[in-house]
Amino acid sequence: MRDIQHFVNGAAYAGAGSHSGEVFNPNTGEVQARVGFATVGDLDAAVQAAAAAQPGWAATNPQRRARVMFEFKRLVEARMEELAALLSSEHGKVIADSKGDIQRGLEVIEFACGIPHVLKGEYTEGAGPGIDVYSMRQPLGVAAGITPFNFPGMIPMWMFGIATAVGNTFVLKPSEKDPSLPVRLAELFMEAGAPAGVLNVVHGDKVAVDAILAHPLIKAVSFVGSSDIAHYIYSTGTANGKRVQAMGGAKNHGIILPDADLDQAVKDLIGAAYGSAGERCMALPVVVPVGAKTASALREKVLAEIDTLRPGASNDPAAQYGPVVSSAHKRKIEDYIQIGVDEGAELVVDGRGFSLQGYEKGFFIGPSLFDHVKPTMKTYQEEIFGPVLQIVHADTFEEALALPSEHQYGNGVAIFTRNGRAAREFAARVNVGMVGINVPIPVPVAYHTFGGWKRSAFGDTNQHGMEGVKFYTKVKTITARWPEGQQEDSAFVIPTMR
Ligand code: NAD
């Protein structure tokens, strides 16, 4: 059985821990590898390596750091097939989707290639007599990232791409469910020219996470995962004096106005609801048709599309989505489907009991569809994170606007309409962090920023773009005076630039 090791100070690191996790092949349900879990001491070894590498890395001029990013991007692109296959084999998403996962991460690396420009700082000449003021952004030191299973390529790159480009060194604690790709990325990052210790990967569970939150040398923690844990990370990390951004769960709505291009909207919706087996924080698991006519037309078209959906093995190019990540997650999704039935929603399509020939033990779930879901239902209020689409009816624009606005999560939302004025008003008023207008999965491009509202994110700064640069740097402002010879008297009042 393959053992997946940590990556510390530029080399595989076995660790002293006696605990390990099983890494499954979700297609077959078999255990394909073991991943050793870090002890507090293992985490400390990674932090010490990062701390030792940090001054030299920070002193490396920004264009040289950017050159590492350029080379890393080239190496990852050259190995895209191998990396996507590795990702799929542990996560279960189909290969094309794994390539998309890696590609979205690489776009953050592309942003990081321009870091010298971004780090230029500000300058005011002559802020007072002979006085100039300028500011610089400096790295924090060692930063850490804790990432979820569902984007093992993109989300680590969101974090270490920006953190290291600005001069920090990094300790990544990826999901223990699909830990191989992050290690491969760290190896390639070194091959691209990053010195040993700049990017370290430590596997583990709550022990490793708590060690990150307690370690005095870690100055910033970025987290992406479910909301309860995000809140725990935020409150514990900030109580320990760290800078923390913690992204949580989601329940994104797709609003269909009566004037929408329904055929296109349904195609978009099906991809966004069932793609990656619904295991995306920007999936659209809730659709809100406005008006009874829209609702019945929508239901009919959604049913026709579901009929054509083909879940399959992750390496089957004809499959639209693969198995979910684990048997525990499969059970949880199936339990939610039962709860939906029990609380009175209409289960129009039941994906439970789906079996794929040759992969009978795989973690597959067929597409499920609920109609007449009510906002009071548990299955509406909570995140299911599976291939389950829920139809919630609204009679008016205001009712549709209120649904995502009042939901506990506020990650993403999409509105489908041909009416620019309605879309504009919706975007301005909806209480959600990322909005799509006729765009089903509005994940912002890398040079903008990613972040939800309400229980979808704790902390003040988003991921990547300028928000990411701000998160991983601190500003120093210098006020410099070069007097021309004559002395001035002591001043006992606060200096002003008269
Ligand atoms: P998760 O919260 O179970 O795990 C995330 C990370 O936290 C993992 O590294 C895990 O090892 C660690 N962890 C798990 N239990 C812990 C505990 N008790 N204490 C400390 N650390 C712990 O999330 P997941 O199942 O891997 O990922 C799915 C979730 O992530 C969904 O809720 C999804 O919406 C969310 N997500 C959010 C975003 C976003 O940007 N808002 C993006 C992707 C995924």
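Every chain is numbered on its own, with residues counted from 1 as its sequence reads. In keeping with the model being predicted, local features are shown solely for residues with a pLDDT of at least 70 and side-chain atom pairs are shown and tallied solely at 80 or more, while totals for entire chains, interfaces and linings include all residues. As a rule here, side-chain values cover all heavy atoms of the structure and leave hydrogens and water aside.

**Observations concerning the domain arrangement of the chain**
How we decide: For the domains described, the bounds stem from an automatic or database domain assignment. Note on contacts: a residue pair qualifies if any of its non-hydrogen atoms lie within 4.5 Å across the two residues. Throughout, buried area stands for the accessible area (probe radius 1.4 Å) lost by two parts on being put together, summed over both. What counts as a salt bridge is simple: a side-chain nitrogen of Lys or Arg found within 4 Å of a carboxyl oxygen of Asp or Glu. A 3.5 Å cut-off defines polar contacts: any pair of N or O atoms within that distance qualifies, except that in protein one atom must be a possible hydrogen donor and the other a possible acceptor, and neighbouring residues in sequence count only when both atoms are side-chain atoms. The way it works is that DSSP assigns letters per residue, a run of H or I at least four long becomes a helix, a run of E at least two long becomes a strand, and they are numbered from the N terminus. Classes in brief: Ala, Val, Leu, Ile, Met, Phe, Trp, Tyr, Cys and Pro nonpolar; Asp, Glu, Lys and Arg charged; the others, Gly included, polar.
Domain boundaries assigned for the chain yield domain 1 (2-248 + 456-478) and domain 2 (253-437). For domain 1 and domain 2, the distance between their C-alpha centres works out to 31 Å. Contacts between the two partners involve 19 residues from domain 1 and, on the opposite side, 23 residues from domain 2. Summing both partners gives a buried area of about 1800 Å² for domain 1 against domain 2, and 58% of it is carried by carbon and sulfur. At the surface where domain 1 touches domain 2, the tally comes to 1 salt bridge. Joining domain 1 to domain 2, the criterion identifies 8 residue pairs in polar contact (both at pLDDT 80 or more). Where the side of domain 1 that touches domain 2 is concerned, the elements lending two or more residues are helix 3 (80-91) and helix 4 (95-113). The dominant element in the side of domain 1 that touches domain 2, judged by the number of residues it contributes, is helix 3, at 3 residues. Grouping the amino acids of the side of domain 1 that touches domain 2 by side-chain chemistry returns 6 nonpolar, 9 polar and 4 charged.

**With respect to unusual backbone geometry**
Note the threshold: Any residue under 20% of the maximum accessible area for its type is buried, any over 50% is exposed, and the rest in between are partly exposed; the area is computed with a 1.4 Å probe on protein chains only.
Look at H372: it is not a glycine, yet its phi comes out positive at around 55°. Look at H372 and you get partly exposed, because its relative accessible area is 35%. If you check the backbone angles, N438 has positive phi at about 55° while not being a glycine. When its relative accessible area of 37% is taken as the criterion, N438 is described as partly exposed.

**Considerations on the sheet that holds strand 17 (residues 388-391)**
Spelled out, the test is: Following DSSP output, two strands are said to pair if at least two bridges run between them. In this analysis, axes come from line fits to C-alpha atoms, helices being fitted only over the stretch in contact, and the angle between any two N-to-C directions falls in the range 0 to 180 degrees.
Ordered in space as 15-16-17-14-13-19-20, the 7 strands form an open sheet in which the pairing is mixed. The open sheet has two edge strands, strand 15 (346-349) and strand 20 (434-437), and neither has a second partner. Adjacent strand axes in the sheet meet at a mean angle of 20°, parallel and antiparallel pairs treated alike. In terms of strand pairing, strand 16 (residues 368-371) meets strand 17 through 3 bridges, oriented parallel. Paired with L369 across the two strands is L389, which belongs to strand 17.

**Regarding helix 11 (residues 292-308)**
Heads up, the rule is: The span expected for a helix works out to 1.5 Å for each residue beyond the first. When we speak of the arc, we mean the arc of directions from the helix axis to the C-beta atoms.
For helix 11, built from 17 residues, the straight-helix expectation of 24 Å at 1.5 Å per residue is met to within 8% by its first-to-last C-alpha distance of 25 Å. Along helix 11, the positions that sit buried rather than exposed are T294, A295, L298, V302 and I306. Viewed end-on, helix 11 has its buried residues packed into an arc of 90°, placing them on one side of the element. Opposite the buried face of helix 11, at more than 90 degrees from it, the exposed residues are K293, E300 and D307. Where helix 11 is buried, its residues touch strand 13 (253-256), helix 10 (262-274), strand 14 (286-289), strand 15, strand 16 and strand 17.

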